[in-house]
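# Survey of secondary and tertiary structure
Each chain is listed here by its residues.
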Amino acid sequence: MSKVLVTGGAGYVGSHACKALAEAGHEPVVYDNLVTGHEWAVRWGPLVVGDLLDGERLSAAMAEHRPTAVMHFAALSTVGESVADTARYYRNNVVGTLSLLEAMRAAEIDRIVFSSTCAVYGIPEVVPITEDAACRPINPYGMTKYAVEGALADYGRAYGLAHVSLRYFNAAGASPAGEIGEAHDPETHLIPLVLDVAAGERPEVTVFGDDYATPDGTCIRDYIHVDDLAEAHVVALTRLGELRPAYNLGTGVGVSVAEIIAAARRVTGTDIPLVHAGRRPGDPDILSADPSLAHHDLAWMPAYLDIEETIRTAWAWHRGNLRRQS
Ligand code: UDP
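Residues numbered from 1 in each chain as written. Predicted model: local features only at pLDDT ≥ 70, side-chain atom pairs only at ≥ 80, totals over all residues. Heavy atoms only, no water.

### Brief notes about the packing of aromatic side chains
Applying the stated criterion across every chain, the model contains two aromatic pairs. With centroids separated by 5.5 Å and ring planes inclined at 35°, the aromatic side chains of Trp40 and Trp317 adopt a geometry described as tilted. Of this pair, Trp40 sits in the loop between strand E2 (27-32) and strand E3 (47-49) while Trp317 sits in helix H10 (residues 307-319), placing them 277 residues apart in sequence. Taking NZ or CZ as reference, Arg279 lies 4.0 Å from the ring centre of Tyr212, over its face. (Phe/Tyr/Trp six-rings, centres within 6.5 Å; stacked < 30°, edge-to-face > 60°. Helix = DSSP H or I, 4+ residues; strand = E, 2+ residues; numbered from the N terminus. Lys NZ or Arg CZ within 6 Å of the ring centre and 35° of its normal.)

See below:
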């Protein structure tokens, strides 16, 4: 068993990665400031409450637990907020990561799996998107993630850091066991908002834009189950050193906003009233992954390819007692 320091391990994707690590025989040690993460989501190993910018605390955690690798999820991740509070995003996501890399260097930890995003691509010229598409982020969130990818590449060349960046498309769903799931505050993501409406917690869902260049006019995204993301991280960890710098993690299947709502109606057996509103700034018509490289190099295939199945797991979490207690 090896210990893995999981920054942001109390968050949505990070907590599912901790579960996958534990199932693969590793011990996840969570390092999280609990600003957006939740203590209840830390169930598979110890929690160190600390900030990435606190280098001393990071070093102390590394000295105490002696992890052999890092999975780095800790980041602020809301696009709109990154526009409104740009300096905070750079401080947390970029300066925070540099602080992490310095602590790793001091502790002689030279392996990292980084949680990146398809937002590094900006508005793609071609979909599905391959890893060699141009990276032109269109908001500070995407820029901070791309900046970290650059730092990892440079640290790799300069100091031998073994690294990989996993560029997720839209993370969705929840562990079918129902003990962890998505819980953002405020919630901005489509599927949890739609399920709030199904549960009677919100009156209606707002569809942002119905005049996109897609068959039904609503935006198309690639929703990848969070357990599939978690699994890819564990595989990537075991293959570090043989990998390319970055991989797309998506299903390769595009699903429109209208299709999400229709699928959620079927899963929940409820009406889900909707209203139409204008486009949300910065939303490209279609974002979908070409995940071939991850299939090949990671020998990874998503288990969830049917959006209804993914929504079913999110709905189970949504209705469960654990979310209500959180
Ligand atoms: N969306 C929407 N209504 C909402 C939230 C999101 O129509 O209340 C749309 C959004 O415009 C995008 C898709 O749903 O096309 C997915 O958005 P989300 O915020 O879940 O993820 P993102 O793609 O921004 O990472």
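### Thoughts on the sheet that holds strand E6 (residues 162-168)
Strand order in the open sheet formed by seven strands is E3-E2-E1-E4-E5-E6-E11, with parallel pairing between adjacent strands. Of all the strands in the sheet, the pair left with one neighbour each is E3 and strand E11 (246-249). Strand-to-strand twist across the sheet, computed as the mean angle between neighbouring axes with direction ignored, equals 20°. When E6 meets E11, the two strands line up parallel, connected through four bridges. What sits directly across from Arg167, in E11, is Asn248. (Pairing = 2+ DSSP bridges. Axes fitted to C-alpha atoms, helices over the stretch in contact; angles between N-to-C directions.)

### Overview of the packing of helix H4 (residues 86-106) against helix H5 (residues 140-159)
Helix-helix packing: each pair is described by the crossing angle between the helix axes and the interaxial distance. In contact at an axis separation of 9 Å, H4 and H5 are set at 20° when each is read in the N-to-C sense. Classed by the angle they form, the pair H4 and H5 counts as roughly parallel. Between H4 and H5 lies a crossing of right-handed hand. Across from Thr86, Tyr89, Tyr90, Asn93, Val94, Thr97, Leu98, Leu101, Glu102 and Arg105 in H4, the residues of H5 making contact are Pro140, Tyr141, Met143, Thr144, Ala147, Val148, Ala151, Leu152, Tyr155 and Tyr159. Among the residues making up the contact of H4 with H5, the classes are represented as 14 nonpolar, four polar and two charged. (Parallel < 35°, antiparallel > 145°, perpendicular 65-115°, else oblique. Left-handed = near helix turned anticlockwise from the far one by under 90°. Contact = heavy atoms within 4.5 Å. Nonpolar A, V, L, I, M, F, W, Y, C, P; charged D, E, K, R; others polar.)

### Re the nonpolar core
Met71, Val113, Val164, Leu166, Leu237, Leu249 and Leu298 are the most contacted members of the largest nonpolar core, which totals 36 residues. For this core, the secondary structure elements donating two or more residues are strand E1 (3-7), helix H1 (12-23), strand E4 (69-72), E6, helix H7 (226-239), E11 and helix H9 (292-298). With eight residues, the top contributor of residues to this core is H7. The contact partners of Val113, leaving out residues within four places of it in the chain, are Val70, Met71, His72, Val164, Leu166, His233, Ala236, Leu237 and Leu240. Membership of the second largest hydrophobic core comes to 24 residues, among which are Val197, Cys219, Ile261 and Ile272. (Core = buried A, V, L, I, M, F, W, Y, C linked by side-chain atoms within 4.5 Å. Buried < 20%, exposed > 50% of the residue type's maximum accessible area, 1.4 Å probe, protein only.)

### So, the environment of Ala258
Here Ala258 is to be found in helix H8 (residues 257-268). Classification of Ala258 as partly exposed rests on a relative accessible area of 32%. On a C-alpha basis, the gap between Ala258 and Thr218 in space is 6.4 Å, while along the polypeptide they are 40 residues apart. Leave out the neighbours within four places in its chain, and Ala258 touches Asp216 and Thr218.

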